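Chain residues, written in single-letter form:
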Amino acid sequence: MGIQVEFNPDLALRKYNTPGRLEEECLPETLFVGSVHNFLKEGQRNYWFKGELPLLMTEGNQRLSRPLASIVILEATHFLKNDQVYTKGKYIINEVFDVSDSEIHFEGYKKL
């Protein structure tokens, strides 16, 4: 038996107000530069703290949007609830992208 840890080069959250999901599992209703938000993800996840990451929307099963914003993870904590591991934390939005343009904002985890 090993320790399951996932390294995430991005933060992928559900669409705002997704039924059956907590507020922290979803994107905020509106993305504002400088706003700080909480997040919650199932599993033991590690995020990069020393730079910007893309904020994505997920539909589940690794179906991800293009980057919606550039964020910095401010804190992340692992905890147990009902014998299940979760990761919770805070992030700040540094830049919001126009998803209708074709401009590339990240190459992997590197912001362009």
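Up top is the structure these notes are about.
Residues numbered from 1 in each chain as written. Predicted model: local features only at pLDDT ≥ 70, side-chain atom pairs only at ≥ 80, totals over all residues. Heavy atoms only, no water.

(A) Main features of the overall build of the protein. For the protein, the helix and strand inventory stands at 0 helices and 9 strands. Reading the secondary structure of the protein in the N-to-C direction produces β-β-β-β-β-β-β-β-β. Relative to the compact-globule value of 13 Å for 112 residues, the protein shows a C-alpha radius of gyration of 14 Å, a close match. Oriented by its inertia axes, the alpha-carbon framework of the protein measures out at about 45 × 30 × 25 Å. A buried classification covers 34% of the 112 residues belonging to the protein. The long-range fraction of contacts in the protein, counting pairs at least 24 apart against all pairs at least 6 apart in sequence, stands at 61%. As displayed, the protein offers around 7,600 Å² of accessible surface, 50% of which is attributable to carbon and sulfur atoms. (Helix = DSSP H or I, 4+ residues; strand = E, 2+ residues; numbered from the N terminus. Rg over C-alpha atoms; globule rule 2.2 N^0.38 Å. Buried < 20%, exposed > 50% of the residue type's maximum accessible area, 1.4 Å probe, protein only. Contact = heavy atoms within 4.5 Å. Areas by Shrake-Rupley, 256 points an atom, 1.4 Å probe, with all protein chains shown as cover.)

(B) Highlighting the pairing of strand E6 (residues 69-81). As paired strands, strand E5 (residues 53-57) and E6 are joined by 3 bridges and run antiparallel to one another. Across the sheet, the residue bridging to proline 54 is serine 70, located in E6. Relative to strand E7 (residues 84-96), E6 runs antiparallel, the two sharing 12 bridges. Bridge assignment links serine 70 to a residue of E7, and that residue is glutamate 95. The turn joining E6 and E7, which pair antiparallel and follow one another in sequence, is formed by 2 residues; a positive phi near 50° is taken by asparagine 82. (Pairing = 2+ DSSP bridges.)

(C) Quick peek at the pairing of E7. As defined by bridge partners, strand E3 (residues 36-42) adjoins E7 across 7 bridges and the pair is classed as antiparallel. In the strand pairing of E7, leucine 40 is matched with lysine 88.

(D) The pattern of salt bridges, seen in detail. Within the structure shown, the criterion is met by 3 salt bridges. In this structure, arginine 45 and glutamate 6 form a salt bridge, with 3.3 Å as the shortest nitrogen-oxygen distance. Separated by 39 residues along the polypeptide, arginine 45 in strand E4 (residues 45-47) and glutamate 6 in strand E1 (residues 6-8) bring together distant segments of the chain. When its relative accessible area of 15% is taken as the criterion, arginine 45 is described as buried. We classify glutamate 6 as partly exposed; its relative accessible area is 39%. (Salt bridge = Lys/Arg side-chain N within 4 Å of Asp/Glu carboxyl O.)

(E) How the structure looks around the nonpolar core. Core analysis: the largest hydrophobic core is formed by 13 residues, its most contacted members being Leu11, Leu13, Phe39, Leu55, Ile71, Ile73 and Tyr91. Taken together, the elements giving at least two residues each to this core come down to strand E2 (11-13), E5, E6 and E7. The element that contributes the greatest number of residues to this core is E6, accounting for 3 residues. (Core = buried A, V, L, I, M, F, W, Y, C linked by side-chain atoms within 4.5 Å.)

(F) How the structure looks around the environment of alanine 76. Tracing the sequence through the fold places alanine 76 in strand E6. It is 4.1 Å that separates the C-alpha atoms of alanine 76 and glycine 89, two residues lying 13 residues apart in sequence. Every residue in contact with alanine 76, bar those within four places of it in the chain, is listed here: Phe39, Phe49, Thr87, Lys88 and Gly89.

(G) Spatial organisation of a nonpolar patch on the surface. Together, Ile3, Val5 and Phe7 make up a nonpolar patch on the protein surface, roughly 360 Å² of accessible area in all. Its place among the elements puts valine 5 in the segment before E1. (Patch = residues over 30% accessible without salt bridge, like charges linked within 9 Å, V, L, I, M, F, W, Y side chains within 5 Å.)

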